[in-house]
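Spelled out, the chains give:
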Amino acid sequence: MARFVPSTKTTADRLADNSALQWLGRFGDLCYGVVHVVVAVLALRVAFGKPASELDQRGAITAIAAAPFGVVLLWVIAIGLLAFGVWQLLAAVVSYGWIRGKGRRIGRRIGVLGRAAAVIAVAVLILRLIFAVPTQSESTKQRDWTAQLLGLPGGQIVVVVVGLAVLAGAAVLGYRGVKKSFLADLDPRRLRGRTRAAVGWLGTCGFLAKGVAFAIVGVLAVVAGIRADPARSGGLDTALRALASQPYGDLLLAVVSLGLIGYGCYLAAEARYRRSR
């Protein structure tokens, strides 16, 4: 008799239903929220005229490392983020059955894959910093990548297209915030009434703030492509500082920073109320 071999999807289903992995994934979701809150606090310091070396995830990790038991905290956060990334990868395979329409479901799963990659990248960055492996700021890496792309045939067009893709992603974030479609990912049986309204408000503020930050990164990339100047591009750090340099920039930066704090708080709620499948 032929031996039964479980399909890939069946294996993924079993992993997604594993209670230990779910617990670690939810904890990692909370850790991801902590990283956003620390970035936002650093940006608020700049808005109120206080120095901050980096306004990106690397800066947030460095700030956490400087806290009491900072290295221990970084290990805990790195493990949580890795678990969250794996959980998101599994979700992209077996979850989101509640979304009507195959096209929308596929689009959501692709977005979740991107989120998983971003979370795992932060975890790897933390581990590199723990082991004192040289790292670059987000903006420096962005400029290096832009310079490499500009060196390719048709590089300016490629950089502009990448910038437009980032702008499209920013628009999706803003749309999700306004429409509150993110609430569909949460368990309606557990999230009700005023709690649901509060989580919806935090998510709206958070997704809009992230959308603004991503939009600035996209604009910087488009300008870098048009002018063939990699120094014009940058990551989150450059985007937030560019916002601060505008008229009433300190106020704008403070508003976006508060929105990012809202996003971090939303992730904490998502960690608790997220649908298990």
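So, here's what we can say about the structure. Every value quoted in this text rests on a predicted model; they were computed, and no experiment measured them.

**Things to note about the pattern of salt bridges**
Counting across every chain of the model gives nine salt bridges. Two residues, Arg-115 and Glu-270, come together in a salt bridge whose shortest N-O distance is 2.9 Å. One end of the pair, Arg-115, is in helix α5 (residues 102-130); the other, Glu-270, is in helix α10 (residues 249-273), and 155 residues separate them in sequence. Exposure class is identical for Arg-115 and Glu-270. Each is buried. Residue Asp-187 is joined to Arg-189 by a salt bridge in which the shortest nitrogen-to-oxygen separation is 3.1 Å. Each of Asp-29, Arg-115, Glu-270 and Arg-274 takes part in a single network of salt bridges with overlapping partners.

**Section: the nonpolar core**
Core analysis: the biggest nonpolar cluster contains 53 residues, and Leu-81, Ile-126, Leu-253 and Tyr-266 have the highest contact counts within it. The set of elements that each furnish at least two residues to this core consists of α2 (19-47), α3 (57-65), α4 (70-94), α5, α8 (193-227), α9 (236-244) and α10. The element contributing the most residues to this core is α2, with eleven residues. Setting aside its immediate chain neighbours within four residues, Leu-253 contacts Ala-43, Val-46, Ala-47, Leu-240, Leu-243 and Ala-244. Among the nonpolar cores identified, the runner-up in size contains five residues, and Ala-91, Ala-92, Ile-99 and Val-112 belong to it.

**Comments concerning the state of the cysteines**
Tallying each qualifying case throughout the model produces zero disulfides. In this structure Cys-205 is a free cysteine whose sulfur lies 10 Å from that of Cys-265, the closest cysteine sulfur available. Among the residues examined, Cys-205 registers a relative accessible area of 26% and is labelled partly exposed.

**Some thoughts on the packing of α3 against α5**
The interhelical angle for the contact between α3 and α5, taken along N-to-C directions, is 45°, at an axis separation of 10 Å. Comparing the axis directions of α3 and α5 gives the class oblique. As α3 packs across α5, the resulting crossing turns out to be right-handed. Contact residues: α3 offers Gln-57, Arg-58 and Ile-61, while α5 offers Val-122, Leu-125, Ile-126 and Leu-129.

**A word on the packing of aromatic side chains**
If you walk through the whole model with that rule in mind, you get eight aromatic pairs. With centroids separated by 5.0 Å and ring planes inclined at 15°, the aromatic side chains of Phe-182 and Phe-207 adopt a geometry described as stacked. Within this pair, whereas Phe-182 is found in the loop between α7 (155-179) and α8, its partner Phe-207 is found in helix α8, the two being separated by 25 residues in sequence. According to the relative accessible area criterion, Phe-182 is buried, its value standing at 0%. With 6.2 Å between their ring centres and 35° between their planes, Tyr-263 and Tyr-266 make a pair best called tilted. Placement of both Tyr-263 and Tyr-266 in helix α10 is noted, with a separation of three residues, approximately one turn of the helix. By relative accessible area, Tyr-266 is classed as buried at 1%. Among the aromatic residues, those joined into a cluster by ring pairs are Phe-182, Phe-207, Tyr-263 and Tyr-266.

Rules used throughout
Residues numbered from 1 in each chain as written. Predicted model: local features only at pLDDT ≥ 70, side-chain atom pairs only at ≥ 80, totals over all residues. Heavy atoms only, no water. Salt bridge = Lys/Arg side-chain N within 4 Å of Asp/Glu carboxyl O. Helix = DSSP H or I, 4+ residues; strand = E, 2+ residues; numbered from the N terminus. Buried < 20%, exposed > 50% of the residue type's maximum accessible area, 1.4 Å probe, protein only. Core = buried A, V, L, I, M, F, W, Y, C linked by side-chain atoms within 4.5 Å. Contact = heavy atoms within 4.5 Å. Disulfide = S-S within 2.5 Å. Axes fitted to C-alpha atoms, helices over the stretch in contact; angles between N-to-C directions. Parallel < 35°, antiparallel > 145°, perpendicular 65-115°, else oblique. Left-handed = near helix turned anticlockwise from the far one by under 90°. Phe/Tyr/Trp six-rings, centres within 6.5 Å; stacked < 30°, edge-to-face > 60°.

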